[in-house]
Amino acid sequence: MTTFSDLQLAKPLLQALNEEGYTTPTPIQSGAIPHLLNGRDLLGLAQTGTGKTAAFALPILNHLLTHRRAPAPRQPRALVLAPTRELAAQISASFAAYARHMPFTQAVVFGGVGQGRQVDAMKRGVDVLVAAPGRLLDLTGQGHIDLSGVEILVLDEADRMLDMGFVRDIRKITALLPPRRQTVLLSATMPSAIADLAHSLLNNPAKVEVTPPSSTVDRIRQAVMFVDNASKKDALLMLLQSPQVVRATVFTLMKHEANKVAEFLNKNNIPAEAIHGNKSQGARERAMSGFRAGTIKVLVATDIAARGIDVDDVTHVFNYDLPNIPESYVHRIGRTARAGRDGWAVSFCDPEQRAWLRDIERNIGRTISIVRDHPYHSDEAEHSTMKPPVLGGGGRGRGGGNRPAGNSAAPRRSPRSGPSRGGNAPARNRQPHRGN
Ligand code: AMP
């Protein structure tokens with residue numbers, strides 16, 4: 001098996017990796033790093049969670065170490081383009097971690113915040129600039145950034161950048177770069193627009209492809225517990241009190257339920273925060289940084305809000321409610337077992353959700369092991385033939401205000417239409433969550 005020292009990375013980087021607890025390179029890293037150290041262009045097909053950031057950050061830092069010179073004011077030596085400010089900030093944090101034993105300067109530029117500090121950082125000169133395309137173009141237009149000295153360009157999550165409509169911005173940016181440079185393009189998918197972009201930007205690239213989702217899912221130990229709805233909170237508390245649970249994400253269907261679960265956990269001395277579409281961006285970011293830092297042990301999330309959860313070391317995912325969309329199950333449990341680690345995914349199944357469990361098992365092509373040996377086991381849930389609730393209104397009949405998370409445009413049912421618990425409504429109304 002390849003090790004980081006086999007990859008010929010410089011000592012300060014090996015030391016930092018060691019301190020980060022990385023023992024072996026991930027497939028994208030062992031595939032990409034040798035090519036990048038040789039100065040080749042690279043086309044990488046890899047998703048988030050595969051270790052792709054280190055796959056380009058380490059060769060860039062290695063290049064800075066072996067070709068040392070002070071960066072000129074306003075002229076970054078390497079440019080990393082990212083679609084969102086969250087991703088830009090994460091990339092920057094990775095650079096800072098890997099570069100901790102070497103001289104290194106960087107700046108991150110993205111919109112939505114004042115530009116003063118970004119301009120000041122550029123004036124002082126940086127080795128690496130991590131940027132979202134829009135703000136980068138603003139600052140180059142104003143003369144605060146000069147891209148003529150860029151030696152290495154990385155386009156991270158290129159498919160997302162295209163989806164977000166950045167293709168013209170990317171063309172404008174690349175026109176400002178010197179033609180002699182090393183270029184890396186990373187994308188989770190390869191639609192023809194990305195293939196075209198790659199063709200025009202890359203020069204005889206090495207290609208590295210990794211296929212993470214299934215292999216990640218294979219490492220997740222999955223279990224289901226049949227419990228009645230009324231026992232879920234206590235069952236969750238029991239599980240969260242296990243010392244093995246270091247950092248957990250709990251999924252609920254309803255925003256309202258997410259709030260209630262977080263409140264209940266806090267009352268029981270388990271630091272928890274709910275994140276969903278009714279929370280402000282600021283509140284979500286505070287919750288995320290607390291979760292990352294470990295001051296918040298449990299994030300209680302609805303499906304859409306969960307897309308922003310990009311945290312390693314999530315040891316456990318708990319499905320407080322099963323998702324009504326079978327595909328969401330894989331997305332949810334993929335929050336654990338990141339970057340080669342193991343993880344646990346434990347799902348509660350109440351009598352109303354029994355049919356959803358079958359759909360999920362069909363979708364993943366296997367059955368999920370049942371754990372019955374616990375105080376909350378419900379035979380009724382296990383053998384339930386109930387039809388699942390129709391989502392799209394106050395349909396679960398568990399008190400007012402319960403609407404499916406994210407589906408705020410869905411019509412509300414009249415309270416007089418009565419609770420649907422155990423009702424016979426068909427499950428055809430499975431709308432994907434949106435807008436959360
Ligand atoms: P990424 O795909 O870049 O978002 O990487 C996901 C996470 O995996 C990173 O934030 C790192 O903390 C972690 N990671 C990256 N490479 C390794 C590695 N070789 N060993 C263990 N963890 C890693």
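So, here is what we can say about the structure in this document. (Residues numbered from 1 in each chain as written. Predicted model: local features only at pLDDT ≥ 70, side-chain atom pairs only at ≥ 80, totals over all residues. Heavy atoms only, no water.)

## Quick notes on the overall build of the chain
(1) Moving on: Tallying secondary structure elements over the chain gives 16 helices and 14 strands in all.
(2) Moving on: Looking at the chain as a whole, 53% of its 436 residues qualify as buried.
(3) Moving on: Sequence separation of at least 24 residues holds for 76% of the intrachain contacts in the chain that already meet a minimum separation of 6. (Helix = DSSP H or I, 4+ residues; strand = E, 2+ residues; numbered from the N terminus. Buried < 20%, exposed > 50% of the residue type's maximum accessible area, 1.4 Å probe, protein only. Contact = heavy atoms within 4.5 Å.)

## As for the packing of aromatic side chains
(1) Moving on: One pass over the full model with this rule turns up five aromatic pairs.
(2) Moving on: With centroids separated by 6.0 Å and ring planes inclined at 65°, the aromatic side chains of Tyr22 and Tyr98 adopt a geometry described as edge-to-face. Of this pair, Tyr22 sits in the loop between helix H1 (11-20) and helix H2 (27-37) while Tyr98 sits in helix H4 (residues 85-98), and the two are 76 residues apart along the sequence.
(3) Moving on: Classification of Tyr98 by relative accessible area gives buried; the value is 4%.
(4) Moving on: Taken together, the ring pairs connect Phe4, Tyr22 and Tyr98 into an aromatic cluster.
(5) Moving on: Over the ring of Tyr320 we find Lys232; its NZ or CZ atom is 5.5 Å from the centre of that ring. (Phe/Tyr/Trp six-rings, centres within 6.5 Å; stacked < 30°, edge-to-face > 60°. Lys NZ or Arg CZ within 6 Å of the ring centre and 35° of its normal.)

## Re unusual backbone geometry
(1) Moving on: Look at Glu157: it is not a glycine, yet its phi comes out positive at around 50°.
(2) Moving on: Looking at the element boundaries, Glu157 is found in the loop between strand E5 (152-155) and helix H7 (158-163).
(3) Moving on: For Asn204, which is not glycine, the phi dihedral falls at a positive 45°.
(4) Moving on: Examined against the element boundaries, Asn204 turns out to sit in the loop between helix H9 (192-201) and strand E7 (206-209).
(5) Moving on: Accessibility expressed as a relative area gives 58% for Asn204, which makes it exposed.

## Quick notes on the sheet that holds strand E9 (residues 248-251)
(1) Moving on: Taken together, seven strands build an open sheet; the order of strands is E10-E11-E9-E12-E13-E8-E14 and the sheet is parallel. The open sheet is flanked by strand E10 (272-275) and strand E14 (369-370), the only strands paired with a single partner.
(2) Moving on: Here four bridges tie strand E12 (residues 316-319) to strand E13 (residues 343-349), and the two strands are oriented parallel to one another. By the bridge assignment, Phe318 is partnered in E13 with Val346.
(3) Moving on: Helix-sheet contacts for helix H11 (residues 232-240) involve strand E8 (220-226), E9, strand E11 (298-301), E12 and E13, and the interaxial angle to E13 is about 165°. (Pairing = 2+ DSSP bridges. Axes fitted to C-alpha atoms, helices over the stretch in contact; angles between N-to-C directions.)

## Notes on the site of the ligand
(1) Moving on: Taken together, 14 residues are adjacent to the ligand, and Gln29, Gly49, Gly51, Thr53 and Asp312 come closest.
(2) Moving on: Contact between the ligand and Tyr22: an oxygen atom at 2.9 Å from a side-chain N or O atom of the residue.
(3) Moving on: Within the backbone of Gly51, a nitrogen or oxygen atom sits 2.8 Å from an oxygen atom of the ligand.
(4) Moving on: Considered on its own, the ligand offers 490 Å² of accessible surface; in the complex 87% of this is hidden by protein.
(5) Moving on: Of the residues contributing to the shell around the ligand, the split by class is four nonpolar, eight polar and two charged. (Near = heavy atom within 4 Å. Polar contact = N/O pair within 3.5 Å; in protein donor to acceptor, adjacent residues only side chain to side chain. Areas by Shrake-Rupley, 256 points an atom, 1.4 Å probe, with all protein chains shown as cover. Nonpolar A, V, L, I, M, F, W, Y, C, P; charged D, E, K, R; others polar.)

## Concerning the pairing of E12
Two faces belong to every sheet, and in a regular strand the side chains alternate between them.
(1) Moving on: The side-chain alternation of E12 yields two buried faces, one formed by His316 and Phe318 and the other by Val317 and Asn319.
(2) Moving on: Both E9 and E12 contribute to a ladder of four bridges, which runs parallel. If you follow Ala248 over to E12, its bridge partner there is His316.

## A closer look at the pattern of salt bridges
(1) Moving on: Applying the stated criterion to the full structure yields 13 salt bridges.
(2) Moving on: As a salt-bridge pair, Asp303 and Arg332 come within 2.7 Å of each other at their nearest N and O atoms. Highlighted residues: Asp303 in the loop between E11 and E12 and Arg332 in helix H14 (residues 326-333), separated in sequence by 29 residues.
(3) Moving on: Note that Glu382 is salt-bridged to Arg372, the shortest N-O span being 2.6 Å. (Salt bridge = Lys/Arg side-chain N within 4 Å of Asp/Glu carboxyl O.)

## Things to note about the nonpolar core
(1) Moving on: In this structure, Phe56, Leu58, Ile60, Leu61, Val80, Phe95 and Val128 are the most contacted members of the largest nonpolar core, which totals 43 residues.
(2) Moving on: Apart from the residues within four sequence positions on either side, Val128 is in contact with Ile60, Leu64, Ala78, Val80, Phe95, Phe104, Thr105, Gln106 and Ala107.
(3) Moving on: Ala107, Leu139, Ile145 and Ile170 belong to the second largest nonpolar core, which has 32 residues in total. (Core = buried A, V, L, I, M, F, W, Y, C linked by side-chain atoms within 4.5 Å.)

## Remarks on the layout of surface pockets
(1) Moving on: Here the second largest pocket defines a volume of roughly 300 Å³.
(2) Moving on: Lining the second largest pocket we find 19 residues, and of these Gly39, His63, Glu151, Ile152 and Gln182 sit closest to its centre.
(3) Moving on: Mapped onto the lining of the second largest pocket, the elements with two or more residues apiece are H2, helix H3 (52-66) and strand E6 (182-187).
(4) Moving on: Tallying contributions element by element places H3 first for the lining of the second largest pocket, with six residues.
(5) Moving on: Residues belonging to the lining of the second largest pocket are distributed by class as follows: nine nonpolar, seven polar and three charged. (1 Å grid on protein atoms, 1.4 Å probe; cavity = no way out; pocket = protein on both sides within 12 Å on 5 of 7 lines; lining within 4 Å. Points joined across faces, edges and corners; volume = space filled by probe spheres on them.)

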